[in-house]
Amino acid sequence: MSQTKQPHADSQKKRWLKYGTNVAIVSLVAIAICALVVAISQMTGRRLDTTSQRIYSLKPQTQNVLRDLKGKLRIVSLYSTQTKPDSRSDPEGRFAADDWPSYVQTVSDLLQEYKRTNANIDVELIDPVNSPAKVDGLIAEVTSRYGGEVKKYQGFIDQYPKQLEQIKKMANEEATAIGKLSTQEIANQDVLETLQLSADTVAGFPPLLDRNQEAIQKILKQKPPDYKGAVDVTQQAMDTLSAMLSQIIDGFEKLKADVSVPPTIRQYMVDSTPRYAAIKKSADDLLKQIKDLGELKLDDLRQSLRQQNTILVLGQSDLKVIPFNKVWQEPADMRGYASDVTLKPRFAGEQQVTSAIVSLTREKKQRVVIVRPDGAPLASPGFPPFVPGGPMSQAGARLTDLNYEVLEKDLSGTYAMQAQMQQMPSAPDATDEQMKDALWVVMAFPASQQRNPMMQQPPAPLAQKLQEHLDAGGSAVVLISPGLGGEAPDLSAALKPRGIVASTNAVIVHEAMQDDQQTGDQLDQARRLPFIFDINQYGDTLMTRPLRSLASLMVPLVPVSTEPAKGYTVTPIIPIPQNVKTWGETDIDALSKGQPSKFDPAVDQASPGFAGAISQAEKGGRLVVIGSPTFMFNRYLEIPEPTLARRGTYVSRFPGNAELFVNSVLWASGQDALLAISPAAMEVSRLRDMGNGELAMVRVLIVGGIPAIVLLAGVMVYLKRRD
Amino acid sequence: MSVTTTIAKRELSSYFFSPIAYVAMILFLAACGVAFIDDFRPGQVVAMRSIFDWMVWLLVFIVPVLCMGLLAQEFSSGTVETLMTAPVTDQQVVLGKFLGAMGFLLALVLPTLLYVVLLAIYGRPDYGPILSGYLGIVLVGALFTAVGLFCSALTRSQVVAAVSAAAFLFAVTVIPWWVRGKVILDQWISKAVDQFVQTRYADFSKGVIDTGNVVFFIACTVLLLFLTIKVVESRRWR
């Protein structure tokens, strides 16, 4: 029996080996092929965004930015599903508790798209409430990455108590000395007050510094430690001490020569002044050390953790914090468009994150100077809602978001002087040095007759300054104004050599539209006015191609033509619509008074072709001329799309205005990679209102009805099979 | 092909005679219903994303139960011998059973189309993400079914098959998702975690069809069916 089994066992073993090896190899090959197919499909895969608003597709501008991204970037969402904005920061209740998770999800989805688009981007979603351990990890990472600054702060906090002890010791000694003085004979009130201040300072500060130390210890126990806060406490104390000591020393200097002061007191003042100066020197030394500490990136993180619902973009050597209100922006004032709806916040996450990436990866921050003939600054952000921003504050903010340094220049110099006289804060004008390598945005408005009387000579004409800037290889965006209400600056000396001619003596008008029905809203009716144009074609250039079919509103338009210029490539932009008769009206005053205009072939310009042009010098300077002076002012950018406004969503009705301006600046400053339509607002549909009974019925149907039908079917099958 | 279809039909009809399938179906639809009504309130976003996310979690446990008997029962009851001696190939058997189980899975998901009807009545749903969500569920369901079938081929015990399949699906679906939510990962670990089911499926549920993800689910399903065929074949030489 055993003799017959032995060969069988051998053959089974052999079969196991033979077939088993075969199956193992085939299986491994199959797994390898599968992995290869998945990897290839991953690398060459296409993504189809099936949402109607393409909300999961990064916009072209972002894709351009990410395509050029070389270094590693980390984006961290600190949104929590449990920390919806409270009623203080959201008084109108735009962020309903039920809806809040969808806002968190939207941010998460957006960041995942960044990660998917570029392998150099890593995305982390941290819910600070649910995952405190992850927050600790993030703090450790930020501390180690930007450790240099933290070490400086830690070093200061470690060593400054010694200096503080020295100050306390000197103050205590001085308190003892001043305590021995008799003040009964002093009649002079100034002397009494100064001595009282001295006594209060030297006696009061040591316990105050002790209390500060306790507060600092508490602050340092926070997560992450608030080094900046701790240093700020010390700085505040030292500032106060230094100021009080200055006052005391000044008082002593004045009084020690006063013979009406008792000699013992005068002697004390003489003797103690160097001691007070020594204490002040110690306080000033500490203040200087604090000043030298510089920025603290960890503090940005700490602030962002405190603010809640922020996004961090961590670059190689710097980090950007995108606060909640930048990502979810308050809609513009839409009274008159949708007064009866609560507007949803506008999602500007992609624009903000992309801007942060641009600012972290761009080697040099470029400067834009808005040059105006006179008047108030145009792009100042103001302090909303208390102080409104300038008329083009939104355009300025867009440039700042794209990491431009935005400065302004008042050629007349009158505004700064007037502001100074009225004690109004005014941002300093750009210096000549700053203007040298900046991109100029020239607002060619007619200048008023005001001039700074302090200026020895009248300012150089705008054309001359612009010409010098362009001749030196600079670039500019020039916004041409017609000669309305004054003489428009003649820039031909700067523009003509570059192949561009702007006819500031004319305004482009179209035939008056006759419509008895007066349909449409106020804006539709306004567009029938001859000098108002609704533009959606901008020409076929690198700068304007991405704007194709975006609507913009232009009021008014100045004819701009081109001519060949040696050394320059000149291309017209902003073609004038040809579906109606248009001409360049030269009777601008009559037009401004609302008088009907009629084409006069003798003086008017027939069929102006374009309202803008771009010129690129072979040497590299770039010039954009647009025949509309105010198209990027807030009043045009804030006009909402009325249909979406009625649904509670803010979307700009004329997105082309802002895009044309931003693209002009990007092109003129050589940022060709960023030329694209910027991220747009998103819109979602919501369930309509329904009664409680209706809602309950639907819920019963869903949770009970459908499973009950299945149960019934199962019972019927069971009964049928049993029979 | 007709043999495969016959086996598939037989499997599908056997589901409708099985009380376990009905229980699984009732539980699945009740759980989906609860998830759906949680988001079905006036003013809420018209979307089925959360329900699609829930479906995957439910399928992790329901599919193993539905698939546990596909081959294990044949092995334990000895009917596999009859099947193997019949004029059918192993491929036809495995494919037929897979298609039968997939047919039941589709029947399981089909009633949830009523949710779409309700969304259309009470809002303006964006149909693109709904279609992509259902496509994702079908692809994930196919992969899960293939896993269930593979585990069922490895053992005679239906319980072992169900538990091992559920454990495997839990490991490739829930654990990577949980790890990603709790720990800061190195970039390469993070990338590895993203290769698993939940991250890939999340694209479908939000409305993005990535060909890479489609290929992943199809390729893994085909691979598991191939391995199942090899396991079934091995009974001839073991």
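The model shown is predicted, which means the values in this text are computed figures rather than measured ones.

Thoughts on the overall build of chain B
- The secondary structure content of chain B amounts to twelve helices and one strand.
- The N-to-C order of helical and strand elements in chain B reads α-α-α-α-α-α-α-α-α-α-α-β-α.
- Counting over 238 residues, chain B shows a buried share of 57%.
- Taking all contacts inside chain B whose residues are at least 6 apart in sequence as the whole, residues at least 24 apart take part in 81%.

Points about the overall build of chain A
- When helices and strands are counted, chain A shows 22 helices and 21 strands.
- In chain A, which comprises 723 residues, the proportion classed as buried is 47%.
- Of all intrachain contacts in chain A linking residues separated by at least 6 positions in sequence, the fraction that spans at least 24 positions is 75%.
- As displayed, chain A offers around 36,500 Å² of accessible surface, 54% of which is attributable to carbon and sulfur atoms.

Some thoughts on the confidence of the model for chain A
All names here are of chain A.
- Looking at chain A, the pLDDT average stands at 80 and 82% of residues meet or exceed 70.
- Predicted confidence in chain A is weakest over helix α20 (residues 642–646), with a mean pLDDT of 62, and strongest over strand β21 (residues 622–626), with 94.
- Low pLDDT, under 50, characterises residues 449–458; the stretch is placed with 15 contacts to residues that sit more than four places away or in other chains.
- Scored below 50 in pLDDT, residues 679–683 makes 20 contacts in the model with residues more than four places away or belonging to other chains.

Comments concerning a nonpolar patch on the surface
- Together, Ile25, Val29, Ile33 and Val37 of chain A line one region of the surface with nonpolar side chains, adding up to about 330 Å² of accessible area.
- Checked against the element boundaries, isoleucine 25 of chain A lands in helix α1 (residues 2–44).

As for the side chain of threonine 201 of chain A
Residue and element names in this part refer to chain A.
- You can see threonine 201 is positioned in helix α6 (residues 189–220).
- Residue threonine 201 is classed as buried on the basis of its relative accessible area, which comes to 2%.
- Setting aside residues no more than four positions away along its own chain, threonine 201 makes contact with Pro206, Leu241, Met244, Leu245 and Ile248.

What about the side chain of threonine 50 of chain A?
- Summarising the element assignment, threonine 50 of chain A is placed in the loop between β1 (47–49) and α2 (60–67).
- At a separation of 2.6 Å, a polar atom in the side chain of threonine 50 of chain A contacts the main-chain carbonyl oxygen of glycine 207 of chain B.
- In this structure threonine 50 of chain A touches Asp126, Gly128, Pro129, Ser132, Gly207, Val208 and Ile209 of chain B, once residues within four positions along its chain are discounted.

Details of the interface of chain A and chain B
- Taken together, the contacts link 72 residues of chain A with 64 residues of chain B.
- Salt-bridge contacts for glutamate 113 of chain A lead to lysine 206 of chain B; the nearest nitrogen and oxygen are separated by 3.4 Å.
- Counting across the chain A and chain B interface gives 13 residue pairs in polar contact (both at pLDDT 80 or more).
- When residues of the side of chain A that touches chain B are traced back to their parent elements, those giving at least two are α1, β1, α3 (100–117), β3 (121–125), α4 (132–145) and α22 (692–722) of chain A.
- Residue composition of the side of chain A that touches chain B, by class: 30 nonpolar, 19 polar and 23 charged.

A short note on the sheet that holds strand β19 (residues 605–606) of chain A
Residues and elements named next belong to chain A.
- Reading across from one edge, β13-β18-β19 is the order of the three strands in this open sheet, with antiparallel pairing throughout. Single-partner strands in this sheet number two, and they are β13 (507–510) and β19.
- Bridge count between strand β18 (residues 582–585) and β19: two bridges; the pairing is antiparallel. Note on β19: the bridge partner recorded for glycine 584 is glutamine 605.

Quick look at the pattern of salt bridges
Residues and elements named next belong to chain A.
- For the coordinates displayed, the defined rule picks out 31 salt bridges over all chains.
- With its nearest N and O atoms 2.9 Å apart, the salt bridge here joins arginine 74 to aspartate 122. In this pair, arginine 74 sits in strand β2 (residues 73–77) while aspartate 122 sits in strand β3, placing the two residues 48 residues apart along the sequence.
- Residue arginine 74 is classed as buried on the basis of its relative accessible area, which comes to 8%.

Observations regarding the nonpolar core
- Core analysis: the biggest nonpolar cluster contains 90 residues, and Phe28, Phe40, Met48, Leu108, Phe144 and Phe217 of chain B have the highest contact counts within it.
- Looking at this core, the element that brings in the most residues is helix α8 (residues 127–154) of chain B, giving 13 residues.
- The residues contacting phenylalanine 144 of chain B, other than those within four sequence positions of it, are Val56, Leu59, Val60, Val63, Leu169, Thr173 and Val197 of chain B.
- By size, the runner-up hydrophobic cluster in this structure holds 77 residues, among which are Tyr79, Met443, Ile626 and Phe631 of chain A.

A look at the pairing of strand β4 (residues 311–314) of chain A
Residues and elements named next belong to chain A.
- Side-chain alternation along β4 places Ile311 and Val313 on one buried face and Leu312 and Leu314 on a second face that is also buried.
- One ladder, built from four bridges, connects β2 with β4; its direction is antiparallel. Residue pairing for β4: serine 77 is matched across the bridge by isoleucine 311.
- As paired strands, β4 and strand β5 (residues 319–322) are joined by four bridges and run antiparallel to one another. Looking across to β5, one finds that leucine 312 is bridged to valine 321.
- Hairpin connection from β4 to β5: four residues lie between these consecutive antiparallel strands.

Looking at unusual backbone geometry
Residue and element names in this part refer to chain A.
- With an omega of -15 degrees, the peptide bond between valine 555 and proline 556 qualifies as cis.
- As for its placement among the helices and strands, proline 556 is situated in the loop between β15 (552–554) and β16 (560–562).
- One non-glycine residue, isoleucine 574, lies in the positive phi region at around 55 degrees.
- Look at serine 607: it is not a glycine, yet its phi comes out positive at around 40 degrees.
- Position of serine 607 relative to the elements: it lies in the loop between β19 and β20 (610–617).

Observations regarding the state of the cysteines
- As enumerated under the stated definition, the model contains zero disulfides over all chains in all.
- With no disulfide partner, cysteine 67 of chain B has as its closest neighbouring cysteine sulfur the one in cysteine 151 of chain B, 9.4 Å distant.

A closer look at α22 of chain A
- For α22 of chain A, with 31 residues, the first-to-last C-alpha span of 43 Å sits near the 45 Å given by 1.5 Å per residue.
- Elements in contact with the buried residues of α22 of chain A: α2 (19–39) and α7 (113–122) of chain B.

Topic: the pairing of β20 of chain A
Residues and elements named next belong to chain A.
- Counting buried positions over the eight residues of β20 gives six, a clear majority of the element.
- Summarising the sheet, strand β17 (residues 568–575) and β20 pair through seven bridges and their orientation is antiparallel. Bridging across to β20, proline 572 finds its partner in alanine 613.
- In the sheet, β20 pairs with β21 via five bridges, with the strands oriented antiparallel. Paired with glycine 612 across the bridge in β21 is isoleucine 626.

The rules behind each value
- Residues numbered from 1 in each chain as written.
- Chains lettered and ligands numbered in written order.
- Predicted model: local features only at pLDDT ≥ 70, side-chain atom pairs only at ≥ 80, totals over all residues.
- Heavy atoms only, no water.
- Helix = DSSP H or I, 4+ residues; strand = E, 2+ residues; numbered from the N terminus.
- Buried < 20%, exposed > 50% of the residue type's maximum accessible area, 1.4 Å probe, protein only.
- Contact = heavy atoms within 4.5 Å.
- Areas by Shrake-Rupley, 256 points an atom, 1.4 Å probe, with all protein chains shown as cover.
- pLDDT = per-residue confidence, 0-100.
- Patch = residues over 30% accessible without salt bridge, like charges linked within 9 Å, V, L, I, M, F, W, Y side chains within 5 Å.
- Salt bridge = Lys/Arg side-chain N within 4 Å of Asp/Glu carboxyl O.
- Polar contact = N/O pair within 3.5 Å; in protein donor to acceptor, adjacent residues only side chain to side chain.
- Nonpolar A, V, L, I, M, F, W, Y, C, P; charged D, E, K, R; others polar.
- Pairing = 2+ DSSP bridges.
- Core = buried A, V, L, I, M, F, W, Y, C linked by side-chain atoms within 4.5 Å.
- Disulfide = S-S within 2.5 Å.
- Expected span 1.5 Å × (residues − 1).

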